[in-house]
Amino acid sequence: MAGRLSLPQVDLSCPICCDIFRDPVVLKCSHSFCATCLQSYWGRRGNNRDCPLCRSQSVDDPVPSLTLRNLCESYIQESEGLEETDTAGELYCDPGEMCPLHGERLKLFCLTDREAICVVCHTSRKHKQHDCCPVSEAVMDVKEKIKTALSSLQEKRDAFDKMKKNYEDTVVHIEVQARFVERRTREEFEKLHNFLQAEEEARMEVLRRDEEVKSQAMRQKIEEMTRNIASVSESIQALEEEIALEGISVLHRCKSTQARANCSVENPVMAPGALIDVAKFLGSLSFNVWRKMHEIVEYTPVTLDPNTAAPWLILSEDLTSICDSEEKQKLPDNPERFDPDTAVLGRPGFTSGKHVWEVNVGENTAWVVGVAKESVERKEKVSSVLKNGYLSVYFYHKMYFAGTSPLTRLNLKRSPKKIRVQLDFDKGRVSFYDPHDNTHIYTFKHAITEKVFPYFWVGCQQCPLKIEPQEIVIKAIDNC
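Residues numbered from 1 in each chain as written. Predicted model: local features only at pLDDT ≥ 70, side-chain atom pairs only at ≥ 80, totals over all residues. Heavy atoms only, no water.

As annotated in an unreviewed UniProt entry, the protein is E3 ubiquitin-protein ligase TRIM35-like from Scomber scombrus. Reading the Sequence similarities (unreviewed entry) entry of the UniProt record for the protein gives the comment "Belongs to the TRIM/RBCC family." (UniProt positions renumbered as here; feature names shortened; annotations may be inferred.)

Together, Lys354, Lys427, Arg429 and Lys445 make up a region of like positive charge exposed at the surface. When its relative accessible area of 33% is taken as the criterion, Arg429 is described as partly exposed. (Patch = residues over 30% accessible without salt bridge, like charges linked within 9 Å, V, L, I, M, F, W, Y side chains within 5 Å. Areas by Shrake-Rupley, 256 points an atom, 1.4 Å probe, with all protein chains shown as cover. Salt bridge = Lys/Arg side-chain N within 4 Å of Asp/Glu carboxyl O. Lys, Arg positive; Asp, Glu negative; His and termini not counted. Charge placed at Lys NZ, Arg CZ, Asp CG, Glu CD. Buried < 20%, exposed > 50% of the residue type's maximum accessible area, 1.4 Å probe, protein only.)

Turning to the layout of surface pockets, a few remarks are in order. Any empty space left between the atoms is revealed when a probe the size of a water molecule rolls over them. The volume enclosed by the largest pocket comes to roughly 580 Å³. Together, 18 residues line the largest pocket, and Arg184, Glu188, Lys191, Glu298 and Asp318 are the ones closest to its centre. It is helix H4 (residues 135–244) that provides the largest number of residues to the lining of the largest pocket, a total of 7 residues. Of the residues belonging to the lining of the largest pocket, the class tally is 8 nonpolar, 3 polar and 7 charged. (1 Å grid on protein atoms, 1.4 Å probe; cavity = no way out; pocket = protein on both sides within 12 Å on 5 of 7 lines; lining within 4 Å. Points joined across faces, edges and corners; volume = space filled by probe spheres on them. Helix = DSSP H or I, 4+ residues; strand = E, 2+ residues; numbered from the N terminus. Nonpolar A, V, L, I, M, F, W, Y, C, P; charged D, E, K, R; others polar.)

What follows deals with helix H1 (residues 35–45). Within the sequence span of H1, burial applies to Cys37, Leu38, Tyr41, Trp42 and Arg45. Mapping the buried residues of H1 onto a view down its axis gives an arc of 130°, with all of them on the same face. The outward face of H1, more than 90 degrees from its buried face, is lined by the exposed residues Thr36, Gly43 and Arg44. On its buried face, H1 is in contact with strand E1 (24–26), strand E2 (32–34) and helix H3 (119–123). Phi turns positive, to about 75°, at Gly46, one or two residues after H1. (Arc of directions from axis to C-beta. Contact = heavy atoms within 4.5 Å.)

On to the pairing of strand E10 (residues 343–347). Of all 5 residues in E10, 4 are buried; the element is thus mostly enclosed. Looking at chain direction, strand E7 (residues 303–304) and E10 are connected through 2 bridges and run antiparallel. Within E10, the residue paired with Thr303 across the bridge is Arg347. (Pairing = 2+ DSSP bridges.)

Applying the stated criterion to the full structure yields 10 aromatic pairs. When the centroid spacing of 5.0 Å and the interplanar angle of 75° are considered together, the rings of Tyr442 and Phe444 count as edge-to-face. Taken together, the aromatic side chains of Phe338, Tyr390 and Tyr455 make up a single cluster linked through ring pairs. (Phe/Tyr/Trp six-rings, centres within 6.5 Å; stacked < 30°, edge-to-face > 60°.)

What follows deals with the sheet that holds E1. Think of a sheet as strands paired side by side through backbone hydrogen bonds, with each pair either parallel or antiparallel. Taken together, 3 strands build an open sheet; the order of strands is E2-E1-E3 and the sheet is antiparallel. The open sheet is flanked by E2 and strand E3 (63–64), the only strands paired with a single partner. Where E1 and E3 come together, 2 bridges link them in antiparallel fashion. Counterpart to Val25 in the pairing with E3 is Pro64. Sheet strands in contact with H1 are E1 and E2, and its direction is about 90° off that of E2. (Axes fitted to C-alpha atoms, helices over the stretch in contact; angles between N-to-C directions.)

As a further point, take the side chain of Asn334. Its place among the elements puts Asn334 in the loop between strand E9 (321–324) and E10. Since its relative accessible area comes to 15%, Asn334 is described here as buried. At 2.9 Å, the side chain of Asn334 forms a polar contact with the backbone oxygen of Asn307. Engagement of the side chain of Asn334 in a polar contact is seen with the side chain of Arg337, the distance being 3.0 Å. Aside from chain neighbours lying at most four places away, what touches Asn334 is Asn307 and Lys379. (Polar contact = N/O pair within 3.5 Å; in protein donor to acceptor, adjacent residues only side chain to side chain.)

Here's what the structure looks like:
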């Protein structure tokens, strides 16, 4: 019976022999055992009279359980009748529930060795001093741990799904970026091509006119020389005829002959400037074209970096102006991007030297301009103040402030339309001026130990912030 127990039989089985109770007795702790099984168990334990299940000490003698004995006898009778009529109705224990060493049901779980054991194993030397609990409790504990692990894995899977979606959106955004850069590059090169083509045509036209003028002048000289040649040829022929005469007739015609021979014919000399000035056309040709080209192009010392722009910001296609909007764009949540703060960084970043740029704030009602350290927090909305890694001034609620900790109120005589930012990285200075009259606004004196970027924040939808282009001066170096 120990190897095959029907399910209803479990509650009527002795925990020691795993068979139907024979002369069941009950201890003070309410656990029941066969009388012979309990006495045999105690005999092996010496003077230790503990409960085989809960290990509580039993001072009193076990009490016979008449009710349990009657139930067992009734069950045995019913089981014998059922075996005769329908043996197929029995349900047997899974072999995995039985102890491979003792053939007993695995009712306990050793907390020390983390394995299921039977009652006999519990009394063995291997598990004698180990803490145990019922298998049902251990199963519940394991299921709780599994539920916790399952919840953690589900959260991780959700995070992976979210990141996968972000990666997929990023692939689409990369394609959009590539097409945008391609289009803008072609437009800019087309402008340059058109300029170069127009410049080439203009220079060719000047060359053609110069060629025509020079050639026409030479053709006129050729015609003049042709007439002179004809005149001299006639004189030569006349003199040759005079030489051929004989006698006194030579003397009669000598005066006219000498006059013809003495006609003044100037020696032909080419005037200066007759040739095309090749040096004028080809001298430093590429440089001269490039110098003229700067009249149609603009140079901005700072360019807005769209990869850092918050999703609510609208950047111009030339990446020089920015304004706020009510609609959040669908953009990749890359680490460089500000979100939720409506900010954007400029490029390039600086690690040394002096740098200057101007920002046209116009009638914008909420703006911040300055520099930000590379390590600033971009995924949380924080104040644009010095302690958070910003060196900036800002305009809000019709008041001007410097981003110190605490804020410094700035009292300006006039509202500037432009702000000039001057960075001296090596000296740790960031100064702000009104370029209209070069009025000093504020200067941060703070040691800069990491890379910084131009910083812009905007909270106005009507008027954008715009980075002003700088005038370019091309000058040759005089080595004298």
